[in-house]
Amino acid sequence: MFPATVRYEDEKREAGVRVGIAPAASCAKALDKKVAKALAAHDCQTVLRATYTDASRAVTTTFGIAVFPMETAGGADSALAALPYSGVRAAAFPGTATAWFKDSARRYHSYRKFANYLVFATSGYSDGRPAGGIDRPDLLRFHNHAVTILGERLRERVEPCTVTGVVEC
């Protein structure tokens, strides 16, 4: 699901590198409180997360894939539109460049719907400096492209309870 590397959209040599894959988590644990609450009514099943660094290792991005039954995914997407932002919680990995990336360091959030999944991403500086404005938006170009790459892997609508080893129903 989460490739080892994701190439930049406009670069042939540079790629974001996967640092780790977090254990599957409930929507309440893997998503911001307001986001999880909005998605609970749409039967959010679970969230799969992985964390990447950009080529410079200066920016860390956590991606989250929220799984929904086919009939509720559209409503989940609509529920998020009313929120000021939608965020997946940071997944840091000790002993790596992402060790200091915590929720308080997240600067940029996005999400997109693909079939019966919502793909979330949140980025910030790897050194854990507190959230603020995006002072170097060019550093986050990996973020948006990777959401599309991950989402393309999820284009086919699949009932999540039929996918062995991902969700227990």
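In the block above lies the structure referred to throughout.
Residues numbered from 1 in each chain as written. Predicted model: local features only at pLDDT ≥ 70, side-chain atom pairs only at ≥ 80, totals over all residues. Heavy atoms only, no water.

Below, the discussion takes up unusual backbone geometry. The backbone phi angle of aspartate 43 is positive, close to 65 degrees, even though this residue is not glycine. Following the sequence through the fold, aspartate 43 ends up in the loop between α2 (33–40) and β3 (46–53). For aspartate 43, a relative accessible area of 41% puts it in the partly exposed group. In this structure, arginine 57 is a non-glycine residue whose phi angle is positive, near 65 degrees. Structurally, arginine 57 is set in the loop between β3 and β4 (59–67). (Helix = DSSP H or I, 4+ residues; strand = E, 2+ residues; numbered from the N terminus. Buried < 20%, exposed > 50% of the residue type's maximum accessible area, 1.4 Å probe, protein only.)

On to the sheet that holds strand β2 (residues 15–21), then. Taken together, the six strands give an open sheet; going across it, the order is β1-β2-β3-β4-β6-β5, and neighbouring strands pair in antiparallel fashion. The sheet is open, and its two edges are formed by β1 (5–7) and β5 (108–114), each paired on a single side. On average, each strand axis in the sheet is tilted by 25 degrees relative to the strand beside it, whichever way the strands run. With seven bridges joining them, β5 and strand β6 (residues 117–125) adopt antiparallel strand pairing. Within β6, the position partnered with tyrosine 108 by the bridge is serine 123. Helix α3 (residues 73–81) rests against β5 and β6 of the sheet, and its axis sits at about 155 degrees to β5. (Pairing = 2+ DSSP bridges. Axes fitted to C-alpha atoms, helices over the stretch in contact; angles between N-to-C directions. Contact = heavy atoms within 4.5 Å.)

This brings us to the pairing of β2. The sheet contact formed by β1 and β2 spans three bridges and is antiparallel. From the neighbouring strand, arginine 7 faces β2, where its bridge partner is alanine 15. Bridge count between β2 and β3: four bridges; the pairing is antiparallel. Pairing of arginine 18 across the sheet is with tyrosine 52, part of β3.

Below, the discussion takes up α2. If you check which residues of α2 are buried, you get Val35, Ala36, Ala38 and Leu39. Buried residues of α2, seen end-on, are gathered within an arc of 165 degrees and therefore sit on one face of the element. Within α2, the exposed residues directed more than 90 degrees away from the buried face are Lys33, Lys34, Lys37 and Ala40. Packing partners of the buried residues in α2 comprise α1 (27–30), α3 and β6. (Arc of directions from axis to C-beta.)

What follows deals with the nonpolar core. Among soluble globular proteins, nonpolar side chains are generally buried collectively. Counting 19 residues, the largest nonpolar core has Phe2, Tyr52, Phe63, Val119 and Phe142 as its most contacted members. Elements with a contribution of two residues or more to this core: β3, β4, β6 and α4 (141–152). Here phenylalanine 63 is in contact with Phe2, Leu48, Arg49, Ala50, Tyr52, Phe120, Ala121, Phe142, His143, Ala146, Val147 and Leu150, once residues within four sequence places are set aside. The next biggest cluster of nonpolar side chains, apart from the first, holds 17 residues, and it includes Cys27, Cys44, Ala73 and Leu80. (Core = buried A, V, L, I, M, F, W, Y, C linked by side-chain atoms within 4.5 Å.)

Turning our eyes to something else, we now look at α3. For α3, the full list of buried residues reads Ala73, Ala76 and Leu80. For α3, the arc enclosing every buried residue in end-on projection is 55 degrees, short of the 170-degree limit, so these residues lie on one face. Structural note: α3 exposes Ser78 and Ala81 on the side pointing more than 90 degrees away from its buried face. Residues of α3 that are buried sit in contact with α2, β5 and β6.

Looking at where alanine 82 falls in the secondary structure, it is placed in the loop between α3 and β5. A residue is classified by how much of its surface remains accessible, and alanine 82, at 69% relative accessible area, is exposed. Separated by 44 residues in the primary sequence, alanine 82 and alanine 38 place their C-alpha atoms 9.4 Å from one another.

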